[in-house]
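Chain and residue survey
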There are 2 protein chains.
Amino acid sequence: MSSRAATRVFQGVEEQIATGQLKDGAKLDEASLAERFEVSRTPVREALLQLVGSGLATQIPKRGCFVKAPSLRDMVEMFEVMSELEGMCARLAARRISDEQLAELKAANVGCEDAIKANDSDLYYHKNVDFHECIYIACGNSFLANETRSLRRRLQSFRRLQLRVRGRMPQSLGEHFEIVEAIEAGDADQADRISRQHVMIQGERFHDLLVHMERGG
Amino acid sequence: MSSRAATRVFQGVEEQIATGQLKDGAKLDEASLAERFEVSRTPVREALLQLVGSGLATQIPKRGCFVKAPSLRDMVEMFEVMSELEGMCARLAARRISDEQLAELKAANVGCEDAIKANDSDLYYHKNVDFHECIYIACGNSFLANETRSLRRRLQSFRRLQLRVRGRMPQSLGEHFEIVEAIEAGDADQADRISRQHVMIQGERFHDLLVHMERGG
DNA sequence: GTAGAAATTATCGTATACAAAAATAAGATG
DNA sequence: CATCTTATTTTTGTATACGATAATTTCTAC
């Protein structure tokens, strides 16, 4: 299933969709992909199946697979849900976090701070993921954690772009501190509210960016 | 992909997991399944891939697929998330519902009422799905709607059991009326709160039922 | 008799082969 | 010349075949 070759094809196609090399509606021809990745059709078909499962492709019986790049509307909808899920994670974490987990959360946030001091946006990106991962674990609901991770992953490639927007990193860090504070205080409502806002701001900034790009950036 | 044979195998295995014929940890042997469903290994493997994707099976490389029936803890976690998603749908619907959609929602709830009057729990089950479907559509976020439907589907087979608990149907209907009222009034917070509660009650009742069954029902 | 190593077996992952359905192209008819 | 019908070709869906890796068994050494 997640065999070596099939995974390679899956990730390869996923990457090409994210980078825009494969555009919306493009046909995912099995034979071409097989040739391109130097494997047979079997692992290609497995990869396509997973792509359909992840919502990155559509399948029409007896007609083949087609890229289903998310529209702007889709992205806005996903950010709306992401903000709810992140809020829920933070809310539950505020009630359920352990002392060790809190320490790890703080450490992760220090990591973010260091990345900003080093002006390293790639590092910040990874430390930011660590920070949120701490909250997912602390929420005490692994199903929720997985769903949130999965959605984060789908928004990821766009997010990475987003963080390079001028002045966003320090603002994001400020929000992190507020979230930590609320969680430490056990203030579930506050943790929820700030976290939602944290995601929605990114969503809105992302939206701005897209519009800007479309106008000819 | 969702080819005839593969889909048949997928749904067959899914059914057997839901009914408990295939228990947690049971090995999903490709050859046996192929024989059982009278197809070759190819569609069986596609079905297994989808099962893993849906979280109903685990895959260990070079060792095969195994049934991953949700534990009680998993179920509680899923209900927790379901309650959040349902709450979100209702909250957004309160803000975004159209007049026609509101009329449909009310009509669906009347359908539920009729089913109770006829004392037909199967009919109630379907009318209840219709009712919630109205809210999913009215929330104006199709991504959210799909995620919620998908989770509902996973909890479905258990829910069906749950609704037969004595006295639950009328109580459930009462909650429906409260939800409709809140949505009609545009009271997003109230719609959210009642909807969450609506799901959590089902989750708790379900939990009770499971414990009862384990003790020797 | 037990423990470790080698051979055997079984199963997974991939490749290829074949059949059925759909898209495309060619030809006939008005 | 357009359109419908039919033949060809392409592509999907399924079956089978093969190679590689892990589990199992058997054999040997102590």
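In case you missed it, the structure is sitting above this.
In what follows, the accompanying structure is described. (Residues numbered from 1 in each chain as written. Chains lettered and ligands numbered in written order. Predicted model: local features only at pLDDT ≥ 70, side-chain atom pairs only at ≥ 80, totals over all residues. Heavy atoms only, no water.)

A few points about the interface of chain A and chain B
For clarity, the threshold we go by: By definition, residues are in contact when any of their heavy atoms lie within 4.5 Å. Here the quantity called buried area is the total loss of accessible area, with a 1.4 Å probe, experienced by two parts when brought into contact, counted for both. Whenever a carboxyl oxygen of Asp or Glu lies within 4 Å of a side-chain nitrogen of Lys or Arg, that contact is scored as a salt bridge.
Listed per partner, the contact involves 30 residues of chain A and 30 residues of chain B. Buried surface at the junction of chain A and chain B, summed over both partners, amounts to about 2,700 Å²; 55% is from carbon and sulfur atoms. Summed over the shared surface of chain A and chain B, the result is eight salt bridges. The residue A:E84 makes a salt bridge to B:R196 at a minimum N-O spacing of 3.7 Å.

Structural notes on the layout of surface pockets
Defined as follows: Cavities and pockets are found on a 1 Å grid laid over the protein atoms alone: a cavity is a set of points where a 1.4 Å probe fits but cannot escape, a pocket is an open set with protein on both sides within 12 Å along at least five of seven lines, and a lining residue has an atom within 4 Å of such a point. Grid points are joined across faces, edges and corners, and a volume is the space filled by probe spheres set on the points. A helix here means a DSSP run of H or I that spans at least four residues, while a strand means a run of E at least two residues long, and both kinds are numbered starting from the N terminus. Gly falls in the polar group here, along with every residue not listed as nonpolar (Ala, Val, Leu, Ile, Met, Phe, Trp, Tyr, Cys, Pro) or charged (Asp, Glu, Lys, Arg).
One number sums up the size of the second largest pocket: a volume of about 340 Å³. Lining the second largest pocket are 15 residues, with A:E84, A:R196, B:R91, B:D189 and B:D192 sitting closest to its centre. At the level of secondary structure, the elements contributing two or more residues to the lining of the second largest pocket comprise helix 4 (72-96) and helix 9 (188-214) of chain A together with helix 4 (72-96) and helix 9 (188-214) of chain B. Tallied by class, residues from the lining of the second largest pocket come to three nonpolar, one polar and eleven charged.

Thoughts on the relation of the copies chain A and chain B
Applied cut-off: We place the copies in one frame by least squares, fitting the C-alpha atoms of every residue whose pLDDT is at least 70 in both.
Expressed as a screw operation, the relation of chain A to chain B combines 0.1 Å of axial shift with a rotation of 180°, fitting to an RMSD of 0.2 Å. Look at the turn and shift together and you get a two-fold axis relating the two. Most of the interface of chain A is mirrored in chain B, where 100% of its interface residues again form contacts.

Some details on empty space enclosed by the protein
All names here are of chain B. The final tally for this structure, using the stated rule, is two cavities of 30 Å³ or more. Here the largest cavity defines a volume of roughly 40 Å³. In terms of lining, the largest cavity is formed by E86, A90, H132, I135, I179, S195, H198 and V199. Of all the elements in the fold, those that place two or more residues in the lining of the largest cavity are helix 4, helix 6 (121-138) and helix 9. Considering every element that reaches the lining of the largest cavity, the biggest residue donor is helix 9, with three residues.

Looking at the pairing of strand 2 (residues 57-60) of chain A
Test applied: Whether a residue is buried, partly exposed or exposed follows from its accessible area with a 1.4 Å probe, protein chains only, as a fraction of its type maximum: under 20%, in between, or over 50%, in that order. The rule for pairing is simple: two strands pair if DSSP sees at least two bridges between them.
Along strand 2 of chain A, the buried face is formed by A:A57 and A:Q59; none of A:T58 and A:I60, which line the opposite face, is buried. Between strand 2 of chain A and strand 3 (residues 64-67) of chain A, which pair antiparallel and follow one another directly, the connecting turn spans three residues, one of which, A:K62, has a positive phi of 65°.

Things to note about the sheet that holds strand 3 (residues 64-67) of chain B
Residue and element names in this part refer to chain B. Here we have three strands laid out as an open sheet, ordered 1-3-2, and antiparallel in their pairing. The open sheet has two free edges, formed respectively by strand 1 (27-28) and strand 2 (57-60), since each of these has just one partner strand. Pairing of strand 1 with strand 3 involves two bridges; the strand directions are antiparallel. Across the sheet, L28 pairs through a bridge with C65, a residue of strand 3.

A closer look at the sheet that holds strand 1 (residues 27-28) of chain A
Residue and element names in this part refer to chain A. The antiparallel open sheet is built from three strands, whose spatial order is 1-3-2. On the outer flanks of this sheet lie strand 1 and strand 2, each paired with one strand and no other. Of the strand pairs in this sheet, strand 2 and strand 3 are connected by four bridges, and their pairing is antiparallel. The residue of strand 3 that forms the bridge with A57 is V67.

Here we look at helix 1 (residues 4-18) of chain B
Put simply, the rule is: By definition here, a helix of n residues has an expected span of 1.5 Å times n minus one.
Spanning 15 residues, helix 1 of chain B covers 21 Å between terminal C-alpha atoms, matching the ideal 21 Å at 1.5 Å per step. Among the residues making up helix 1 of chain B, those that are buried are B:A6, B:V9, B:F10, B:G12, B:V13, B:E14, B:Q16 and B:I17.

Focus: unusual backbone geometry
Located in the positive-phi region is A:K62, a residue other than glycine, with phi close to 65°. Mapping A:K62 onto the fold places it in the loop between strand 2 and strand 3. The exposure class of A:K62 is exposed, given its relative accessible area of 87%. For B:E38, which is not glycine, the phi torsion reads 55° and is therefore positive.

Structural notes on the pattern of salt bridges
Evaluated as defined, the whole model comprises 28 salt bridges over all chains. Residue A:E80 pairs with B:R96 through a salt bridge whose shortest N-O separation is 2.6 Å. In this pair, A:E80 is assigned in helix 4 and B:R96 in helix 4, connecting two distinct chains. Put simply, B:R41 and B:E30 hold a salt bridge, and the shortest N to O gap is 2.9 Å. Residue B:R41 is found in helix 3 (residues 41-54), and its partner B:E30 is found in helix 2 (residues 30-36); the two are separated by eleven residues along the sequence. B:R41 gets classed as partly exposed once you look at its relative accessible area, which sits at 47%. On the accessibility criterion, B:E30 (15% relative accessible area) is buried. What you see here is one network of salt bridges that share partners, running through A:E84, A:R91, A:D192, A:R196, B:E84, B:R91, B:D192 and B:R196.

Regarding helix 6 of chain B
Residues and elements named next belong to chain B. Threshold: Identification of polar contacts relies on pairs of N or O atoms within 3.5 Å, with a donor-acceptor requirement for protein atoms, meaning one able to donate a hydrogen and the other able to accept it, and with residues adjacent in sequence counted only if both atoms are side-chain atoms.
Here helix 6 spans 26 Å end to end across 18 residues, near enough to the 26 Å set by a 1.5 Å rise per residue. Turning to helix 6, its buried residues number three or more, namely Y124, Y125, N128, F131, H132, C134, I135, Y136 and A138. With a side-chain oxygen positioned 3.2 Å from the backbone nitrogen of D122, the residue opening helix 6 is D120. Just past helix 6, the residue G140 takes up positive phi, approximately 75°.

Purely geometric stuff here, so don't read any function into it on its own.
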